[in-house]
Structures are given as structure tokens and as C-alpha cells.
Amino acid sequence: MRLPRTILLTAALATVGAFARAEAPPIGSPAPNFTLTAIDGKAFSLAEATKSHKAVVVMFIATQCPYSNAYNDRMRELAAAYGKDGVLFVGINSNKTEPTDEVVQHAKKHGLTFPILKDPGNKVADLYDARHTPEVFVIDPSGVLRYHGRIDENYEDASKVTSPDLKNALNALLSNKPIAKAETKAFGCSIKRV
Amino acid sequence: MSEVPSAHTPREATSWPRLGRRAHGRRATLEGGIGILLAAALGAATSRLAGDLNAAGLTQRLAQERGRVVLLNFWATWCEPCREEFPSLSRLQRSYENRGLRVLGVSTDLPSQLSAVEKFLEAQQPAFPNYRKAAGGDDQDFIDSVDKSWGGELPFSVLYARDGRKAMVLSGKQSYRDLEREVRKLLNSSS
């Protein structure tokens with residue numbers, strides 16, 4: 001059936017991209033499970049990780065993105081600080097343009113000791129509708145997505161952060177309080193799917 | 001062209017602000033108060049940027065293009081795919097300007113990256129005006145004001161129909177062919 005042009009145009013508000021993408025899981029819904037291989041060769045299962053931690057922070061990161069790289073120190077520090085409280089930080093590199101050996105070298109150079117997973121074919125990025133780096137998802141022990149968005153609002157200067165959104169979310173989660181801002185946004189580098 | 005309302009058409013893209021074009025040489029030859037004022041005006045306009053836009057300013061700027069199809073593109077100098085996509089935008093503007101296309105660029109670079117922005121524009125010589133996202137405020141508010149579905153990834157483009165209606169958002173780097181296809185659809189539509 002041929003639809004009138006006006007209807008087609010009204011319905012045409014869509015995202016064009018070089019990839020098919022699922023809807024992002026809503027806050028409060030089960031986070032899609034995945035199993036990936038870490039850059040040290042170990043298998044990582046989200047379902048397993050959530051069972052043994054108070055929260056799992058999944059961070060889509062990159063080796064070449066200035067926005068992601070601006071957060072290397074913050075990611076390392078947050079992983080260490082919240083690791084003491086039973087929170088596991090995990091990095092995922094879904095960029096087709098950044099091979100595993102580059103991800104290994106990058107982690108070594110920046111002292112990123114948390115597990116970093118390579119996401120071949122950006123399947124996990126698609127599952128989460130992750131758009132850019134850095135982009136963060138927080139999952140609670142029952143496997144529910146509790147926070148999605150940025151680490152904070154100031155990529156340029158960590159000392160001038162006024163909205164430490166990831167910290168706020170983790171603090172609320174660890175103290176069984178509602179997360180005031182469960183979805184946040186910031187500019188970042190598109191995940192390179194092609 | 002009858003389909004392009006000249007009343008709302010700012011300067012032609014090909015003569016878009018180039019006020020910085022070697023103003024300094026002239027400045028030395030000018031004397032007196034008028035000369036100082038003129039020199040100050042020229043000196044203040046050495047930027048290739050058409051100005052700063054916050055969310056409200058962007059809405060107003062888009063309204064000036066009513067009657068045209070608008071391709072609004074957000075980019076940054078640190079964004080490699082943005083730089084790769086940029087020449088396609090100029091090509092589109094040149095190819096479809098007469099049919100009523102207006103490309104508008106908005107740099108999301110921080111104020112500290114202004115020199116990189118100017119250098120990029122100097123090298124690119126874009127055929128369309130480029131603005132800078134105004135400093136201050138939370139980026140999330142700006143991102144949401146453009147489109148709720150935008151996660152902040154760059155590059156990011158929005159296509160508006162001639163009546164100002166948002167017709168499509170385009171996430172990530174697009175090929176010239178893909179952009180052209182969508183632009184042509186809107187140029188060919190009646191509204």
C-alpha cells in the first residue's frame with residue numbers, strides 16, 4: 001500500500017546510521033546479559049559479575065577519542081575507590097577501528113587495571129544502544145539497569161566538576177536511596193561501528 | 001529562485017563571513033577616529049565563525065531559514081569522523097543551494113579550543129556558515145533541546161523540512177550519497 005507523502009514524512013523522524021540498532025534498555029529494566037573476552041584473554045559474563053558485586057559499571061571507552069581519554073584518570077580513580085565498596089568497573093571497546101593490541105597498549109599506558117573487553121562486531125554496544133565514548137551504564141546486583149549516561153559534566157577539567165553524576169548514582173545505589181539523575185548526556189565520540 | 005524566500009535569506013553562503021581577510025594591512029593605513037573604529041570592527045571580526053548560539057539562539061537561527069530545507073550539523077575539531085564528513089557538507093551546499101538547501105554547522109568545541117576551530121575552518125573554507133555552541137550551561141540541556149533522541153554523539157545532524165518541521169536525525173558520520181538522498185527527498189517534497 002502506498003501511503004500519502006505527508007504521512008510518510010510525518011513518520012519519517014528516524015535515525016539514519018550505517019547500522020541497525022536496538023532501543024536502549026530503559027532505566028529500571030533488566031540489563032541485557034552478555035559474555036565477552038577481556039583483553040587478558042579471560043571470559044567475562046555480566047550475569048556472573050552482577051551476582052558477586054554491589055554494582056557493575058559498564059563503560060564504553062576508546063583508545064583514540066579525546067573525550068574518552070580525558071576520563072582515563074577519573075575512570076582509574078573511580079574504579080579503585082568504589083572497588084573497595086564492592087563495585088566492579090568494566091571497560092568495553094566496541095570501536096572497529098581500534099584493535100585488541102591497541103586496546104592492550106592503551107590500558108597499559110594509562111594504568112587501566114579494571115577488566116577491558118573487546119566487543120567484536122559492536123554487538124554489546126548495539127544491545128545497549130551505546131552511542132559514544134565515554135558512555136556509562138550501572139547495573140545493580142539483580143541485573144537491573146540503574147544509571148545511564150556520563151561520568152560527569154566537565155570533560156575538560158576534573159577539578160571543576162559540578163555534577164559528578166556517576167558518583168552520585170553509585171553513592172545512592174550503595175546506600176539504597178533513589179538515584180536522582182538516572183539518565184544524563186554529554187558530548188562524545190561516536191562508536192565506530194564501520 | 002521562487003522557492004527560496006529571499007526575505008529570510010541571510011548572506012549567500014559563498015560570501016559568508018570572511019571579515020578576517022587580512023584586515024591588519026588596511027588598519028595601518030587608516031588614521032583618525034573613523035579609522036580606529038573601522039579597524040576595531042575589522043579586528044573584532046577576524047573569526048570565521050558566524051557567532052555563538054545557545055539553545056534559544058539556535059531555534060531563532062533555524063527560524064530564519066523557513067522556506068529552505070536545513071541540514072544542521074554538529075561537529076568538533078577533536079572528532080575525526082566529523083572532520084571526515086565536513087567536506088561532504090560543503091559539497092551538498094554548493095550542489096543544492098539553488099534548490100533551497102541551507103547547511104548550518106555548529107561546533108561543540110570548548111572555548112579553550114577556539115584556535116583549533118578557527119584553524120579548521122580556515123583550512124576547510126566551508127561553503128556554509130558555522131557557529132559555536134555558546135559556552136556555559138549543562139551540555140545535556142543543549143543536547144536535549146536539539147533532539148531528545150540525541151545521546152551527545154558526534155557528528156550528529158538534523159534535517160528540517162521547508163516548513164521548519166524536524167524531518168530526520170542522522171547519528172554519526174554519513175556518506176555524501178546518504179545525505180544527498182535524504183536532502184533530495186525533502187527538497188522534492190511540497191512542504
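Residues numbered from 1 in each chain as written. Chains lettered and ligands numbered in written order. Predicted model: local features only at pLDDT ≥ 70, side-chain atom pairs only at ≥ 80, totals over all residues.

**Some words on the overall build of chain B**
Point 1. A tally of regular secondary structure across chain B gives seven helices and seven strands.
Point 2. Residue burial in chain B is summarised as follows: out of 191 residues, 35% are buried.
Point 3. Look at the contacts in chain B between residues 6 or more apart in sequence, and 73% of them connect residues 24 or more apart. (Helix = DSSP H or I, 4+ residues; strand = E, 2+ residues; numbered from the N terminus. Buried ≥ 20, exposed ≤ 12 C-beta atoms within 10 Å, placed from the backbone. Contact = placed C-beta atoms within 7 Å.)

**With respect to the interface of chain B and chain A**
Point 1. The interface is formed by 29 residues belonging to chain B together with 22 residues belonging to chain A.
Point 2. Taken together, the elements giving at least two residues each to the side of chain B that touches chain A come down to helix H6 (139-146), strand S5 (153-154), strand S7 (166-171) and helix H7 (176-188) of chain B.
Point 3. Top element by residues in the side of chain B that touches chain A is S7 of chain B. It accounts for six residues.
Point 4. Residue classes in the side of chain B that touches chain A are distributed as eleven nonpolar, ten polar and eight charged.
Point 5. Note that strand S10 (residues 188-190) of chain A and S5 of chain B share two bridges and pair parallel. Bridge pairing in S5 of chain B links Gly188 of chain A to Glu153 of chain B. (Nonpolar A, V, L, I, M, F, W, Y, C, P; charged D, E, K, R; others polar. Pairing = 2+ DSSP bridges.)

**Side note on the sheet that holds strand S7 (residues 132-133) of chain A**
Point 1. As summarised here, the arrangement of the three strands in space is S7(A)-S10(A)-S5(B), forming an open sheet in which the pairing is mixed. Looking at which strands have only one partner, the edges of the open sheet turn out to be S7 of chain A together with S5 of chain B.
Point 2. Bridge count for S7 of chain A against S10 of chain A is two bridges, and the pairing is antiparallel. Bridged to His132 of chain A within S10 of chain A is Ser190 of chain A.

**Regarding the sheet that holds strand S9 (residues 145-149) of chain A**
Residues and elements named next belong to chain A.
Point 1. Strand order across the open sheet formed by five strands is S6-S5-S4-S8-S9, with mixed pairing between neighbours. The strands lining the two open edges of the sheet, one partner per strand, are strand S6 (116-118) and S9. The mean angle between the axes of side-by-side strands here comes to 20°, regardless of whether they run parallel or antiparallel.
Point 2. Pairing geometry for strand S4 (residues 55-60) and strand S5 (residues 87-93), over six bridges, is parallel. When the bridges of S5 are listed, Ala55 appears paired with Val87.
Point 3. Against the sheet, helix H4 (residues 72-83) contacts S4 and S5, and its axis sits at roughly 150° relative to S5. (Axes fitted to C-alpha atoms, helices over the stretch in contact; angles between N-to-C directions.)

**What to know about unusual backbone geometry**
Point 1. A cis geometry characterises the amide bond from Thr133 of chain A onward to Pro134 of chain A, with omega recorded as -10°.
Point 2. Cis geometry is adopted by the peptide bond preceding Pro155 of chain B, which originates at Leu154 of chain B and carries an omega value of -5°.
Point 3. If you trace the backbone, Pro155 of chain B turns up in the loop between S5 and strand S6 (156-160).
Point 4. Notably, Asp129 of chain A is not glycine yet its phi reads approximately 55°, a positive angle.
Point 5. If you trace the backbone, Asp129 of chain A turns up in the loop between helix H6 (123-128) and S7.
Point 6. Since 15 C-beta atoms lie within 10 Å of it, Asp129 of chain A is described here as partly exposed.
Point 7. Positioned with a positive phi, Asn176 of chain A is a non-glycine residue whose angle comes to about 55°.

**Some remarks on the confidence of the model for chain A**
Point 1. Here chain A averages 90 in pLDDT, and 89% of its residues register 70 or above.
Point 2. Ignoring residues within four places in sequence, the model shows residues 1-21 of chain A, a span with pLDDT below 50, making 27 contacts including any to other chains. (pLDDT = per-residue confidence, 0-100.)

**Regarding the packing of helix H4 (residues 80-96) of chain B against H7 of chain B**
Residue and element names in this part refer to chain B.
Point 1. Packing of H4 against H7 leaves a shortest axis separation of 10 Å and a crossing angle of 35°. Of the two possible hands of crossing, H4 and H7 adopt the one that is right-handed. Contacts between H4 and H7 involve Ser88, Arg91, Leu92 and Tyr96 from the first element and Tyr176, Leu179, Glu180, Val183 and Leu187 from the second.
Point 2. Across the contact of H4 with H7, the residue classes break down as six nonpolar, one polar and two charged. (Left-handed = near helix turned anticlockwise from the far one by under 90°.)

**Considerations on the pairing of strand S8 (residues 135-139) of chain A**
Remember that side chains alternate between the two faces of the sheet whenever the strand is regular.
Residues and elements named next belong to chain A.
Point 1. By the criterion of burial, S8 is predominantly enclosed, with five of the five residues buried.
Point 2. Because side chains alternate across S8, one face comprises the buried residues Glu135, Phe137 and Ile139, and the other comprises Val136 and Val138, equally buried.
Point 3. By the bridge criterion, five bridges tie S4 to S8 in an arrangement that is antiparallel. The residue bridging Val56 from the neighbouring strand is Ile139, located in S8.
Point 4. Sheet topology note: the S8/S9 ladder contains four bridges and is antiparallel. Within S9, the position partnered with Val136 by the bridge is Gly149.

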